[in-house]
Amino acid sequence: MKKIIILVLCICTFFSCSEKRGEHFITDKKYRSLVHEQFLKAKELAENRSKELFSIFDQNLTTEQTEALEFLYAYMPLSDLADYTGEFFLEQVNVALEARKTFSWGAVVPEDIFRHFVLVHRVNNENLDTARTVFFKELKERVKNLSMHDAALEVNHWCHEKVNYQPSDGRTSAPLATLQTSWGRCGEESTFTVTAMRAVGIPARQCYTPRWAHTDDNHAWVEVWIDGKWHYLGACEPEPELDMAWFTAPAKRAMMVHTNVFGNYTGPETVNFKNELYTKINILPNYTQTKTIHVKVLDKNGKAIENAIVKYKLYNYAEFYTLADQLTNKDGLSSLVTGLGDLLIWVNKNNEYGYQKIDVRETDTLLITLDHAAGKEYEELMTIVPPAEQKVDAPSGEEQAKNMQRLAYEDSIRNTYKATFVTQQQAYDLAKNLDLDKENVWKYLQLSQGNHQQIQLFFEKYAKEKHLFPFLASLSDKDLRDVRFATLDDHFMHATALLDTNIIHIDEEILVKYVYSPRIHLELIRPWRALLQSKFDKHFIRQVQYNPQVAANWIHKNIQLNTERNYYKCPLSPMGVYDLKVTDMGSRNILFVAICRSFGIPARIEWETEKPQYLSDGNWKDAVFENVSISQKSEATLILKNDPANHVKPEYWKHFTLAYFKEGDFVSLDYENSPLLQNFPAKLLLDAGYYKLATGNRNESGTVSTKTIYFELKKSENKELTISLIPVKTASETLGHLDLNEKVKLSNGTQKTFSQLQNNKGIIIAVIDPQKEPTRHVMNDIPSVKKDFEKWGGGILFLIPDTKITKDFNISAYKNLPTQSVFAIDEDEAILKKIVNSMKKFTFKRNLPLIIFVTSKGEIVFSSEGYRIGINEDLIKIINSVD
């Protein structure tokens, strides 16, 4: 009898397992309950899109599919609830589950790692697409017979075949849009690579140093989970091995490296922030030495303050940027794991605040009293020192040589694809057929790159329209690379449907830029114009046309504001906000502008303050999202002057920033590229209030000298301030000498001496390797200071060892270099050897680019090996110090 019972149990177990064969389930009942509870909250929040999102659960789903979908819905941000469908998310789930069953490593990835770092459909603030499906199909046969380790390396090589580095604007392209373009900035490369890794079941996450400590920039890369351990790699930048990248040395000087983890994550990493939707983890200990610092917050009476906001700030881009923020506990305590450099600790509760600088090398504890209040005027000097540079081991020459050969082949694959982009002659032929200006047609087709067919369709339909080219000019370059014809068609066709020129006379430039244009802020352009026009009756439209504030009142009444749920900060589309009836503040502002433009009203988001505005009586007015009368703004005038002692004309975000006081902290205004600050004195109209003007100047080591002016602007006041950059010392040691009579053969076939090239002002020599990513980064950084180099007028020589030249090399690929730039081939590395031999104290690790500055007397006074973030700025400072 006992044997029969055992047999029956075995048979039952067999059939139970066979029915669920290959499926994985959450075994922790408490965890399952928590996910389901969050799922129900999301369902209630998104009840206005119930059919689009939740009808998918009516299908005959397996338990595995249901649990995976519930997990995604439970924690997804507002943007995903607003703009996508259940069918889309089910496809994401199905491909993730298929990858787990397809590849051998699927069986060894723990359930929690799978859910948080494979299943999740979002990497950062990119718009979502079907890249997971596309990438899985293309990579499946390529990696399925490899080890997990080798598959990760192979996927990164595949990514390099498709994408390489170029800077772009702040909107993050979707992976398929990046694929179509063939390039992207580091945030886009890492989004692309994480998506590719997850497509084949390899856990991956995007890592950020939000700001470097030693230079004005940031960076993003990728970590992959391989056989139980996280490893890093440069996205689309393959190296011979994991945990090897050009940014290894800079990462050792970082004060923070973090990543957002979707959902209720309970991994071993240090937590910077956690709520019911996501966790921000601190992975800096993976890269460098760290220390835990502690902050205790007190009121004026010495009593501990609970729920004060502690912000750990780092100087970068001429502001103190918040790396992490936390609330104090009941004992007034907060702590952070960070690097061995300087930070500014800023604490506030309501409008009271206090702050101190901390040198993490010397101390780990601060007591901060909230004893400051807005209104006090004073100046403050501060020196911020980054962590020290650390030694990094370079890979063997043999490994690198083999890898370089492969990278060159992968470049050729990408270049073959790029050769399919429209040519100038094809653009001219199209222009002739459509009777359009050929240079304009070529301009926009060239900018559209792999998206040229969509723009061509637009040309063909609207060739006779007078606003054709101004409309395209209102779009960003990235828009041209990923916008679809149907979207352009919606906006152009319906742009004037409700335009009432009897209400307001609109200048042509204003009309195109602020009515016709679908580009509002940093959102993906989607169709919304015709749909919004159909959602409101004629009476409401006429009310808004006479008073656009009516639209803001309608939004305030009908759209719920949720400031927490959209934690990835990907903007919701205007139609997504309208349908969901829930939004974040930025997407609410975009909806207001979209409604106004749909009704023929000029509207915009002011770039400096991010305020939504509409044009009324020739003036821009702020929209207010309350049903109250609008009071007149209290305006004041600030005049900024340039200190004649400054070596360079100050630039916003590079040398200075302006910030206004709000709720206990200062918020930087965004005047980047603003015509108001192109010349000094500069006149700014600002709201009355409390402000600070921050300036900074950084030396070669990364140490920065800052000056902050705290001041109040009163109503109707005219205040003048001077931007003064604190002089910094630059290295003046002579590292070696170069014979200026030495001749070099230029790429155009002529021969010139270094003396002829340097124009009596010195010469920059950059020995580069066109096949390697560090060189690509440098060649993309140089154009950003083109005007400074041209103003200086000395020589710039890009020297390429003959062993680094491939058949695909083309000097014309380097755009917008300073006009004095020349290229030369260094046969047998003769010049490189002379440079290295002359610098007796310098050990060359053959890590190109090698960049030196040689004075007009032949003295080498600066050298940098490998990619050095901020090298362009360092060179300008060296030049100015020598002059």
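Residues numbered from 1 in each chain as written. Predicted model: local features only at pLDDT ≥ 70, side-chain atom pairs only at ≥ 80, totals over all residues. Heavy atoms only, no water.

Caption draft 1: Region of interest: the pattern of salt bridges. Applying the stated criterion across every chain, the model contains 45 salt bridges. Glu154 is the salt-bridge partner of Arg406, the closest N and O atoms lying 2.6 Å from each other. Separated by 252 residues along the polypeptide, Arg406 in helix α13 (residues 397–418) and Glu154 in helix α9 (residues 148–162) bring together distant segments of the chain. Put simply, Arg776 and Asp411 hold a salt bridge, and the shortest N to O gap is 2.4 Å. (Salt bridge = Lys/Arg side-chain N within 4 Å of Asp/Glu carboxyl O. Helix = DSSP H or I, 4+ residues; strand = E, 2+ residues; numbered from the N terminus.)

Caption draft 2: Looking closely at the nonpolar core. In this structure, Val224, Phe592, Leu658 and Phe789 are the most contacted members of the largest nonpolar core, which totals 172 residues. Sort the elements by how many residues they give to this core and helix α6 (residues 86–102) lands first, with eight residues. Ignoring anything within four residues of it in the chain, the contact list for Phe592 reads Pro548, Ala551, Ala552, Ile555, Pro612, Gln613, Tyr614, Ala623 and Phe625. One finds Val422, Ala431, Tyr462 and Phe471 within the second-largest nonpolar core, a separate group that totals 33 residues. (Core = buried A, V, L, I, M, F, W, Y, C linked by side-chain atoms within 4.5 Å. Buried < 20%, exposed > 50% of the residue type's maximum accessible area, 1.4 Å probe, protein only. Contact = heavy atoms within 4.5 Å.)

Caption draft 3: Structural context of the packing of helix α22 (residues 538–546) against helix α23 (residues 549–558). Axis separation between α22 and α23 bottoms out at 6 Å; the angle between their running directions is 120°. For the element pair α22 / α23, the angle class is oblique. Here α22 contributes Phe540, Gln543 and Val544 to the contact with α23, which in turn contributes Val550, Ala551 and Trp554. Partitioned by chemical class, the residues of the contact of α22 with α23 number five nonpolar, one polar and no charged. (Axes fitted to C-alpha atoms, helices over the stretch in contact; angles between N-to-C directions. Parallel < 35°, antiparallel > 145°, perpendicular 65-115°, else oblique. Nonpolar A, V, L, I, M, F, W, Y, C, P; charged D, E, K, R; others polar.)

Caption draft 4: How the structure looks around unusual backbone geometry. Residue Pro681 is bonded to the preceding Phe680 through a cis peptide linkage, with omega at 0°. Located in the positive-phi region is Cys236, a residue other than glycine, with phi close to 60°. If you trace the backbone, Cys236 turns up in the loop between β5 (229–233) and α12 (248–251). Within the chain, Asn816 stands out as a residue other than glycine whose phi angle is a positive 60°. The class for Asn816 is exposed, based on a relative accessible area of 55%.

Caption draft 5: Region of interest: the pairing of strand β22 (residues 635–642). The pairing of β22 with strand β25 (residues 682–687) spans six bridges and is antiparallel. By the bridge assignment, Ile639 is partnered in β25 with Lys683. (Pairing = 2+ DSSP bridges.)

Caption draft 6: Representation of the packing of aromatic side chains in the model. Counted by the stated rule, this structure contains 69 aromatic pairs. Considering the side-chain rings of Phe39 and Tyr73, the 6.2 Å spacing of their centres and the 65° angle between planes classify their relative orientation as edge-to-face. Taken together, the residues Phe39 in helix α2 (residues 29–45) and Tyr73 in helix α4 (residues 63–75) connect sequence positions 34 residues apart. Like Phe39, the residue Tyr73 is buried in the burial classification. Judged by centre distance (5.4 Å) and plane angle (90°), the rings of Phe458 and Phe492 are edge-to-face. Of this pair, Phe458 sits in helix α16 (residues 452–462) while Phe492 sits in helix α19 (residues 485–494), placing them 34 residues apart in sequence. You'll find Phe458 and Phe492 in the same group, each marked buried. In this structure, Arg211 is placed above the aromatic ring of Tyr321, and the distance from its NZ or CZ to the ring centre is 3.9 Å. Lying over the aromatic face of Tyr428, Lys438 brings its terminal NZ or CZ to 4.6 Å of the ring centre. (Phe/Tyr/Trp six-rings, centres within 6.5 Å; stacked < 30°, edge-to-face > 60°. Lys NZ or Arg CZ within 6 Å of the ring centre and 35° of its normal.)

Caption draft 7: Local environment of the sheet that holds strand β27 (residues 704–713). In spatial order, the strands read β16-β27-β26-β23-β24; together these five strands make up an open sheet with antiparallel pairing. In this open sheet, the two strands that pair with only one neighbour each are β16 (378–384) and β24 (665–668). Taken over all neighbouring pairs, the strand axes of this sheet differ in orientation by 30° on average, direction set aside. Relative to β24, strand β23 (residues 656–662) runs antiparallel, the two being bridged by four bridges. Note that in β24 the partner of Tyr660 across the bridge is Val667.

Caption draft 8: Focus on the confidence of the model for the protein chain. On average, residues of the protein chain score 91 in pLDDT, and 95% of them reach the 70 mark or higher. Segment residues 1–21 is flagged for pLDDT under 50; beyond a separation of four residues in sequence, or across chains, it makes two contacts in the model. (pLDDT = per-residue confidence, 0-100.)

Caption draft 9: Representation of the side chain of Glu126. Its place among the elements puts Glu126 in the loop between α7 (111–119) and α8 (131–143). Here the side chain of Glu126 touches Asn124 through a polar contact of 2.7 Å, landing on its backbone nitrogen. The residues contacting Glu126, other than those within four sequence positions of it, are His121, Thr172, Ser173, Ala174, Pro175, Thr191 and Cys570. (Polar contact = N/O pair within 3.5 Å; in protein donor to acceptor, adjacent residues only side chain to side chain.)

Caption draft 10: The arrangement of the environment of Gly866 in detail. On the secondary structure map, Gly866 appears in the loop between β36 (859–865) and α30 (871–882). Taking relative accessible area as the criterion, Gly866 reaches 5% and is therefore assigned buried. Here the alpha-carbon distance between Gly866 and Tyr516, two residues 350 residues apart in the chain, equals 47 Å. Aside from chain neighbours lying at most four places away, what touches Gly866 is Asn847, Leu848 and Pro849.

Caption draft 11: Geometry of the sheet that holds strand β10 (residues 309–316). Spatially, the four strands line up as an open sheet ordered β11-β10-β13-β14, and their pairing is antiparallel. Two strands close off the open sheet at either side, each with one partner strand: β11 (319–327) and β14 (352–359). Neighbouring strand axes in the sheet, compared pairwise and without regard to direction, differ in orientation by 25° on average. Bridge count for β10 against strand β13 (residues 342–349) is five bridges, and the pairing is antiparallel. Pairing of Tyr312 across the sheet is with Ile345, part of β13.

Caption draft 12: Structural context of a negative patch on the surface. There is a patch of like negative charges on the surface, built from Asp150, Glu241, Asp243, Glu398 and Glu399. Along the polypeptide, Asp150 turns up in helix α9. Classification of Asp150 as partly exposed rests on a relative accessible area of 36%. (Patch = residues over 30% accessible without salt bridge, like charges linked within 9 Å, V, L, I, M, F, W, Y side chains within 5 Å. Areas by Shrake-Rupley, 256 points an atom, 1.4 Å probe, with all protein chains shown as cover. Lys, Arg positive; Asp, Glu negative; His and termini not counted. Charge placed at Lys NZ, Arg CZ, Asp CG, Glu CD.)

Caption draft 13: How the structure looks around the packing of α16 against α19. Running from N to C, α16 and α19 point in directions that differ by 35°, and their axes come no closer than 9 Å. Considering only the axes of α16 and α19, their crossing is right-handed. Contacts between α16 and α19 involve Gln454, Ile455, Leu457, Phe458, Lys461 and Tyr462 on the former and, on the latter, Phe485, Leu488, Asp489, Phe492 and Met493. (Left-handed = near helix turned anticlockwise from the far one by under 90°.)

Caption draft 14: Just the state of the cysteines, in detail. In total, this model carries zero disulfides according to the counting rule given. Free of any disulfide, Cys159 has its nearest cysteine sulfur in Cys236, 4.8 Å distant. On the basis of relative accessible area, Cys159 is assigned to the buried category, the value being 0%. The thiol of Cys186 is unpaired, and the distance to the nearest cysteine sulfur, on Cys236, comes to 11 Å. For Cys186, a relative accessible area of 12% translates into the label buried. (Disulfide = S-S within 2.5 Å.)

Caption draft 15: Highlighting the pairing of strand β8 (residues 278–282). The element β8 is extensively covered by neighbouring structure, given that five of its five residues are classed as buried. Every second residue of β8 is oriented toward a common face, with Tyr278, Lys280 and Asn282 on one face and Thr279 and Ile281 on the other, all of them buried. Bridging between strand β6 (residues 258–262) and β8 involves five bridges; their strand directions are antiparallel. Each residue of the ladder has a partner; that of His258, found in β8, is Asn282. Pairing geometry for strand β7 (residues 270–274) and β8, over four bridges, is antiparallel. Counterpart to Phe273 in the pairing with β8 is Lys280. Taken together, β7 and the strand that follows it, β8, pair antiparallel across an intervening segment of three residues.

Caption draft 16: How the structure looks around helix α15 (residues 438–448). The complete set of buried residues in α15 reads Val441, Trp442, Tyr444, Leu445 and Ser448. The elements touched by buried residues of α15 are α14 (424–434), α16, α17 (468–473) and α18 (477–482). Once α15 ends, the next one or two residues include Gln449, with phi positive near 50°.

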